[in-house]
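So the chains spell out like this:
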Amino acid sequence: MPADGGPGRVQDVRRQNLAVVLDSIQRTPRTTRAEIAASTGLTKASVSSLVTVLLDTGLVEEAGVARDGERGRPGSGLVLNRQRGALGAEINVDYLAVGVVDALGELRGHKVLERRPGGLDVVFGDLQELARAVAGEAKAAGIELLGGGLAVPGLVDPTRKLVLTAPNLGWQDAALERHLEALLPDSPLGVVLSNEANSAALAELWYGHGSSFGDYLYVSGEVGVGGGLIFESQLFAGPRGHAGEIGHVVVQPDGLKCGCGGRGCLETVAGQDAVFSAAGIQGATTADRMAALMHALRTGAPDAVRAVERAGHFLGIALVSAARMVNVSAVILGGHFAGLQNWIRPSLRQSLETYAPGLVPPDGVAFSELGQTAALRGAAGSRLREAFASPADLLN
Ligand SMILES: [Zn+2]
């Protein structure tokens, strides 16, 4: 360990100050070097030198730089460079999705592909092709991708790049290192692995309804039902990273067997397939089945209406139990729950009021508007935030 004041120490301080200056620019677009010095307490000379380094990382640019590269008026301020971004990808049970999120948090390109049946190689073959197409379009638009994130519906170990278990994909201890590398070769920061519901919960915080709540439980409705907990605007993943798995909270003790090995989990009554099956809906693809379900609901078909009401009822039971346990009073519902909101809301509300009056008020229930982009936006957003927290990693 270098002693205080030694070269290592100086480097640490400089790394930290880079992040501090970058944070100022992120918080106050078009801020000037003088304003940054005033707000951070750093000297003008240090700020100037740190800004030069940040300009070198490409994360920041002078505001008002004309398209032909001619400099704007000096002192016109600094902004994040929206031509830097991260790739976000999602593997779900029935679809694959890839998109690009830029430094300002905007989605710049997005493609979805129906997932074919098959093992890891088939899935990653298709995902790679999709990623190549999206990354190619980003490159053509002049966006440089710093790294990426991949979200999967299962329990993951991001450090060892392993999917520990993803019952709905049929994966157990799946090693993804090679596949993650191939997804975005040559990016400075590489691709990290995350849980789909955790990533979607973060996407709500940054790009959706979450910022107005601060503390909430996010529930993703897909074939599986996932969950993510946000406390004080931070993801709470628990000691081993798997907290918030509301899909496997038991709501029917004598219910159906669940993919997790248990019985009567929320997923067995409120997951997408559970709803289709209770509604008597069939179809070749999930999109076909969802379209048929929506049609049945619009025409008031009793089986469909009952199936969705039942899902809302049990979703409410699981939500009040979870809300009591962790003391949150807001929930955000994504995936098919968002698509079915008009039909699911009444039974859900009734359930919330019956089992825990007043705990989750009507304005504490929000439905996601991010659709199939939620998980990939969270995965890409996390990668971008890591880059912003440690801009020095981009130098070399
Ligand atoms: Zn289960």
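Residues numbered from 1 in each chain as written. Predicted model: local features only at pLDDT ≥ 70, side-chain atom pairs only at ≥ 80, totals over all residues. Heavy atoms only, no water.

A. Local environment of the overall build of the protein chain. Secondary structure summary: the protein chain contains 13 helices and 15 strands in total. Radius of gyration (C-alpha) of the protein chain: 23 Å, near the 21 Å computed for a compact globule of 396 residues. For the protein chain, the C-alpha atoms occupy an extent of roughly 70 × 45 × 45 Å along the three principal directions. Looking at the 396 residues of the protein chain, the share that counts as buried comes to 52%. (Helix = DSSP H or I, 4+ residues; strand = E, 2+ residues; numbered from the N terminus. Rg over C-alpha atoms; globule rule 2.2 N^0.38 Å. Buried < 20%, exposed > 50% of the residue type's maximum accessible area, 1.4 Å probe, protein only.)

B. Molecular detail of the environment of Leu150. Mapped onto the elements, Leu150 comes out in strand β6 (residues 144-152). Separated by 237 residues in sequence, Leu150 and Ala387 place their C-alpha atoms 16 Å apart. Sequence-distant contacts of Leu150, defined by excluding residues within four places in its chain, comprise Ala89, Glu90, Ile91, Phe124, Leu127, Leu176, Leu180, Val191, Val192, Leu193, Ser194 and Ala379. (Contact = heavy atoms within 4.5 Å.)

C. Region of the structure containing the nonpolar core. Within the largest apolar cluster, 44 residues are counted, with the highest numbers of intra-cluster contacts made by Leu217, Val219, Leu266, Leu293, Leu315, Leu319 and Leu333. In terms of residue count, the dominant contributor to this core is helix α10 (residues 302-326) (12 residues). Of all hydrophobic cores here, the second largest spans 32 residues; its members include Val100, Ala138, Leu150 and Leu169. (Core = buried A, V, L, I, M, F, W, Y, C linked by side-chain atoms within 4.5 Å.)

D. Structural context of the coordination of the zinc ion. Within the protein, the zinc ion binds to His248 (ND1), Cys258 (SG), Cys260 (SG) and Cys265 (SG); these donor distances fall in the range 2.0 to 2.3 Å. Seen from the zinc ion, its four donor atoms lie at angles of 103 to 121 degrees, and the figure they make is tetrahedral. Residue His248 is classed as partly exposed on the basis of its relative accessible area of 27%. Exposure remark for Cys260: the relative accessible area of 41% places this residue in the partly exposed category. (Donors = N, O, S within 2.8 Å, 3.2 Å for Na, K, Ca; no water. Tetrahedral: all angles 85-135°; square planar, octahedral: opposite > 155°, others 65-115°.)

E. Region of the structure containing the pairing of strand β4 (residues 95-102). Where burial is concerned, most of β4 is hidden: eight out of the eight residues are buried. Burial along β4 is two-sided: the face carrying Tyr95, Ala97, Gly99 and Val101 and the face carrying Leu96, Val98, Val100 and Asp102 are both buried. Between the end of strand β3 (residues 84-91) and the start of β4, which pair antiparallel, lie three residues. Of the strand pairs in this sheet, β4 and strand β5 (residues 107-114) are connected by six bridges, and their pairing is antiparallel. (Pairing = 2+ DSSP bridges.)

F. Structural context of the pattern of salt bridges. If you walk through the whole model with that rule in mind, you get 14 salt bridges. Ionic pairing is found between Asp303 and Arg306, a salt bridge with its closest N-O pair at 2.9 Å. Of this pair, Asp303 and Arg306 both sit in helix α10, three residues apart, which is roughly one turn of that helix. One salt bridge in this structure joins Arg349 and Glu353, with 3.2 Å as the shortest N-O distance. (Salt bridge = Lys/Arg side-chain N within 4 Å of Asp/Glu carboxyl O.)

G. Fine view of the environment of Gly125. With respect to the helices and strands, the residue Gly125 is situated in helix α4 (residues 120-140). Residue classification places Gly125 among the partly exposed positions, given a relative accessible area of 33%.

H. How the structure looks around the sheet that holds strand β14 (residues 331-335). Spatially, β13-β12-β11-β14-β15 is the arrangement adopted by the five strands of the open sheet, whose pairing is mixed. Each edge of the open sheet carries a strand with a single partner, namely β13 (234-236) and β15 (365-367). Across this sheet, the average inter-strand angle for adjacent strands is 30 degrees, counted without regard to direction. Pairing analysis gives three bridges linking β14 to β15, with the strands arranged parallel. Looking at the pairing, Ile332 lines up with Ala366 of β15. Packing against the sheet, helix α12 (residues 341-355) makes contact with β14 and β15, and its axis sits at approximately 160 degrees to β15. (Axes fitted to C-alpha atoms, helices over the stretch in contact; angles between N-to-C directions.)

I. Molecular detail of unusual backbone geometry. Unlike most non-glycine residues, Asp186 shows phi in positive territory, near 70 degrees. Relative to the assigned elements, Asp186 resides in the loop between α5 (177-183) and β10 (191-195).

J. Spatial organisation of the environment of Ala86. Relative to the elements of secondary structure, Ala86 occurs in strand β3. Classification of Ala86 by relative accessible area gives buried; the value is 1%. The spatial distance from the C-alpha of Ala86 to the C-alpha of Leu104 is 11 Å, given a sequence separation of 18 residues. Setting aside anything within four residues of it in sequence, one finds Ala86 in contact with Gly99, Val100, Val101, Leu145, Gly147, Ala380, Arg383 and Leu384.

K. Spatial organisation of the packing of helix α9 (residues 286-298) against α10. Running from N to C, α9 and α10 point in directions that differ by 105 degrees, and their axes come no closer than 8 Å. The angle between the axes of α9 and α10 places the two elements in the roughly perpendicular class. Counting all contacts with α9, which are made through Leu293, Ala296 and Leu297, the residues of α10 involved are Ala304, Val305 and Val308. Tallied by class, residues from the contact of α9 with α10 come to six nonpolar, no polar and no charged. (Parallel < 35°, antiparallel > 145°, perpendicular 65-115°, else oblique. Nonpolar A, V, L, I, M, F, W, Y, C, P; charged D, E, K, R; others polar.)

L. Representation of the side chain of Arg377 in the model. With respect to the secondary-structure elements, Arg377 resides in helix α13 (residues 374-389). Among the polar contacts listed, one links the side chain of Arg377 to the backbone oxygen of Gly105, at a separation of 3.3 Å. For Arg377, the contacting residues outside a window of four places in its chain are Val101, Gly105, Leu107, Ala203, Tyr207 and Leu370. (Polar contact = N/O pair within 3.5 Å; in protein donor to acceptor, adjacent residues only side chain to side chain.)

M. Up close: α12. A rise of 1.5 Å per residue sets the reference length of α12, with its 15 residues, at 21 Å; its end C-alpha atoms lie 20 Å apart and thus fit the reference within 8%. Residues of α12 that are buried make contact with α10, β14, α11 (336-339) and β15. (Expected span 1.5 Å × (residues − 1).)

N. Focus on the side chain of Asn195. Considering the arrangement of structural elements, one finds Asn195 in strand β10. Classification of Asn195 as buried rests on a relative accessible area of 9%. For Asn195, the side chain forms a polar contact with the main-chain nitrogen of Asn198, separated by 3.0 Å. Residues in contact with Asn195, not counting those within four places in the same chain, are Ala151, Val152, Gly154, Val156, Gly227 and Glu245.

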